[in-house]
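Okay, here's what each chain looks like letter by letter:
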Amino acid sequence: ADEAPPAATVPPVEETKTDVSAPITNAGEDVAAEQAANLVQNKMNLQALPIRAYLDQTVVPLLLDGMSALVKERPPNPIEWLASYLVRNNPQGPSQP
């Protein structure tokens with residue numbers, strides 16, 4: 001007669017309660033502090049750049065994208081169209097009053 005193999009026994013799982021809110025809060029504070037430090041450092045670095053490097057890093061990429069879109073669109077008032085494009089696509093977001 002065929003005997004069934006013995007059933008595998010699974011050890012009971014112990015539930016552990018871990019307070020995950022503390023590490024997340026600390027991690028969030030660390031990230032915010034690091035972002036603030038990077039913002040200050042980047043601003044200082046931009047101020048130290050020569051004119052051409054400053055423009056190449058901050059304005060030229062968006063301006064080239066806008067000018068490429070401008071020649072495809074060919075609006076009747078290209079200056080206003082490009083100004084609107086630059087405002088709409090500003091990677092820094094809307095300016096604060």
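Up top is the structure these notes are about.
Below is a summary of the structure that appears in this document. (Residues numbered from 1 in each chain as written. Predicted model: local features only at pLDDT ≥ 70, side-chain atom pairs only at ≥ 80, totals over all residues. Heavy atoms only, no water.)

1. What about the packing of aromatic side chains?
Logical step 1: Evaluation of the coordinates by the stated rule reveals one aromatic pair.
Logical step 2: Between the aromatic rings of W81 and Y85, the centroid separation amounts to 5.7 Å while the plane-to-plane angle is 15 degrees, which identifies the pairing as stacked. Taken together, the residues span about one helical turn, with W81 and Y85 both in helix α4 (residues 78-88) at a distance of four residues. (Phe/Tyr/Trp six-rings, centres within 6.5 Å; stacked < 30°, edge-to-face > 60°. Helix = DSSP H or I, 4+ residues; strand = E, 2+ residues; numbered from the N terminus.)

2. Side note on the packing of helix α3 (residues 60-73) against α4
Logical step 1: It is the contact of α3 with α4, at a shortest axis distance of 10 Å, that shows an interaxial angle of 135 degrees. The angle between α3 and α4 places the two elements in the oblique class. Helix-helix and strand crossings are classified by hand; for α3 and α4 the assignment is right-handed. On α4, the residues touching L62, L63, D65, G66, M67, A69, L70 and E73 of α3 are P78, W81, L82, Y85 and L86.
Logical step 2: Along the lines of polarity and charge, the residues of the contact of α3 with α4 split into 10 nonpolar, one polar and two charged. (Axes fitted to C-alpha atoms, helices over the stretch in contact; angles between N-to-C directions. Parallel < 35°, antiparallel > 145°, perpendicular 65-115°, else oblique. Left-handed = near helix turned anticlockwise from the far one by under 90°. Contact = heavy atoms within 4.5 Å. Nonpolar A, V, L, I, M, F, W, Y, C, P; charged D, E, K, R; others polar.)

3. Topic: the environment of W81
Logical step 1: Since its relative accessible area comes to 17%, W81 is described here as buried.
Logical step 2: Through-space distance from the C-alpha of W81 to that of M67 is 9.9 Å; in sequence the pair is 14 residues apart.
Logical step 3: Discounting chain neighbours no more than four positions away, the residues touching W81 are G66, A69, L70, E73 and P75. (Buried < 20%, exposed > 50% of the residue type's maximum accessible area, 1.4 Å probe, protein only.)

4. Observations concerning the pattern of salt bridges
Logical step 1: Going through the model one piece at a time under the given rule, you end up with one salt bridge.
Logical step 2: Among the salt bridges present, the one from D56 reaches R52, with a minimum N-O distance of 3.3 Å. One end of the pair, D56, and the other, R52, are both in helix α2 (residues 51-58), four residues apart, so they sit about a helical turn from each other.
Logical step 3: A relative accessible area of 35% means that D56 is categorised as partly exposed.
Logical step 4: Overall, R52 belongs to the exposed group, its relative accessible area being 62%. (Salt bridge = Lys/Arg side-chain N within 4 Å of Asp/Glu carboxyl O.)

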